[in-house]
Amino acid sequence: MKRTELRDHIFKLVFGMEFNAADDRKAQMELYLNELTGAGEKDLEYIRAKTEQIGGKLAEIDKLINETAKGWKTSRMNKADLSILRLAVYEMRWDDDVPVGVAIDEAVELAKKYSSDDGPSFINGVLAKLAAS
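All values derive from a computational prediction rather than experimental measurement.

(A) Fine view of the nonpolar core. Ranked by size, the top nonpolar core spans 39 residues in total, and within it Ile54, Leu85, Ile123 and Leu127 carry the most contacts. Breaking this core down by element, the ones donating at least two residues are helix 1 (3-17), helix 2 (25-35), helix 3 (41-56), helix 4 (58-68), helix 5 (79-94), helix 6 (100-114) and helix 7 (119-132). Take this core: its biggest share by element is nine residues, from helix 5. Beyond its immediate chain neighbours, meaning those up to four positions away, Ile123 contacts Asp81, Ile84, Leu85, Ala107, Val108 and Ala111.

(B) Seen up close, helix 3. The end-to-end C-alpha distance of helix 3, which contains 16 residues, comes to 22 Å, matching closely the 22 Å that a straight helix rising 1.5 Å per residue would cover. Buried residues along helix 3 sit against helix 1, helix 2, helix 4 and helix 5.

(C) Up close: the environment of Glu109. Residue placement: Glu109 occurs in helix 6. For the pair Glu109 and Ile84, spaced 25 residues apart in the sequence, the C-alpha separation amounts to 9.7 Å.

(D) The arrangement of the packing of aromatic side chains in detail. Here the structure, examined in full by the defined rule, presents five aromatic pairs. Centre to centre, the rings of Phe15 and Phe19 are 5.2 Å apart; their planes meet at 55°, and the pair counts as tilted. With relative accessibility at 28%, the residue Phe15 sits in the partly exposed group. Each member of the aromatic cluster is reached from another via a ring pair, and the members are Phe11, Phe15, Phe19 and Tyr114. It is Arg76 that lies over the ring of Trp72; its NZ or CZ is 4.9 Å from the centre.

(E) Highlighting the pattern of salt bridges. One pass over the structure, following the stated rule, counts 15 salt bridges. Ionic pairing is found between Glu45 and Arg48, a salt bridge with its closest N-O pair at 3.1 Å. In this pair, Glu45 and Arg48 both sit in helix 3, three residues apart, roughly one turn of the helix. Taking the relative accessible area as the measure of exposure, Glu45 reaches 40% and is therefore partly exposed. Residue Glu67 is joined to Lys63 by a salt bridge in which the shortest nitrogen-to-oxygen separation is 3.0 Å. Remark: Lys63 and Glu67 occur in helix 4; sequence separation between them is four residues, near one turn of the helix. Overlapping salt bridges, with partners in common, bring together Arg7, Lys50, Glu91, Asp95 and Glu106 in one network.

(F) Main features of the environment of Glu106. Relative to the assigned elements, Glu106 resides in helix 6. For Glu106, a relative accessible area of 18% gives the class buried. Reaching out from Glu106, the side chain makes a polar contact with the side chain of Arg7 at a distance of 3.5 Å.

(G) Up close: the packing of helix 6 against helix 7. Interhelical geometry of helix 6 versus helix 7 gives an angle of 160° and a closest axis separation of 8 Å. Classified by the interaxial angle, the pair formed by helix 6 and helix 7 is roughly antiparallel. In this structure, helix 6 meets helix 7 at a crossing whose hand is right-handed. Each of Val100, Ile104, Ala107, Val108, Ala111 and Lys112 in helix 6 lies in contact with helix 7, whose residues at this interface are Gly119, Pro120, Ile123, Asn124, Leu127, Ala128 and Ala131. A breakdown of the residues in the contact of helix 6 with helix 7 according to their chemical character gives 10 nonpolar, two polar and one charged.

Criteria and cut-off values
Every chain's residues receive numbers from 1 upward, in the order its sequence appears when written. Local features in this predicted model are restricted to residues of pLDDT 70 or higher, and side-chain atom pairs are both shown and tallied only at a pLDDT of 80 or more, whereas totals for entire chains, interfaces and linings draw on every residue. To obtain the side-chain values, all non-hydrogen atoms of the structure were used and water was disregarded. Joining through side-chain atoms within 4.5 Å is the link that ties buried Ala, Val, Leu, Ile, Met, Phe, Trp, Tyr and Cys residues into a set, and such a set is a nonpolar core. The cut-offs for exposure are 20% and 50% of the maximum accessible area for each residue type, with area from a 1.4 Å probe on protein chains only; residues under the lower value are buried, those over the upper are exposed, and the others partly exposed. A run of H or I in DSSP counts as a helix once it spans at least four residues, and a run of E counts as a strand once it spans at least two, with each numbered from the N terminus. We call two residues in contact whenever any of their non-hydrogen atoms come within 4.5 Å of each other. Here, expected helix span is obtained from the residue count minus one, scaled by 1.5 Å. By convention, a stacked pair of Phe, Tyr or Trp rings (six-membered ring in the case of Trp) has centres within 6.5 Å and planes under 30 degrees apart, an edge-to-face pair has planes over 60 apart, and any other such pair is tilted. A ring is scored as having a charge over it whenever the NZ atom of a lysine or the CZ atom of an arginine sits within 6 Å of its centre and within 35 degrees of its normal. Here, a salt bridge means any Lys or Arg side-chain nitrogen found within 4 Å of an Asp or Glu carboxyl oxygen. N or O atoms within 3.5 Å of each other form a polar contact, as long as, within protein, one can give a hydrogen and the other can take it, and as long as residues adjacent in sequence are counted only when both atoms are side-chain atoms. Between N-to-C directions, angles span 0 to 180 degrees; the directions come from axes that are lines fitted to C-alpha atoms, helices contributing only their stretch in contact. For classification purposes, an angle smaller than 35 degrees is called roughly parallel, one larger than 145 roughly antiparallel, one from 65 to 115 roughly perpendicular, and anything else oblique. Helix crossings are classified by the rotation of the near helix relative to the far one: an anticlockwise turn of less than a right angle makes the crossing left-handed, while a clockwise turn makes it right-handed. When residue character is reported, Ala, Val, Leu, Ile, Met, Phe, Trp, Tyr, Cys and Pro are called nonpolar, Asp, Glu, Lys and Arg charged, and the others, Gly included, polar.

This is the structure we're talking about:
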């Protein structure tokens, strides 16, 4: 699978975190991954590891988002936008394999696919501000 496809699946799992208790996340992820077709073991491990890493840093990620998105708090954000931001912030701050510009571009692409009409510009603005800080 290409990185864009892997990121799409990670986004979906991060989105699911909003609707599942922390204790249920691992089981929900395994259910999702068991149904995933076209993914090799290496792909599944990448998705699993990155999703768990994001889940482990949610408090730090949300703090960064809340500090950056003036006038918006994570509790009020569209859940798709929040999930995209969480993934992108993780990649920008803790994933050395993903350049900041790529993380932002990929987040905007996810927003075009999963968010409202205003989502891509909102995501781009928050992430650009974070990148500049």
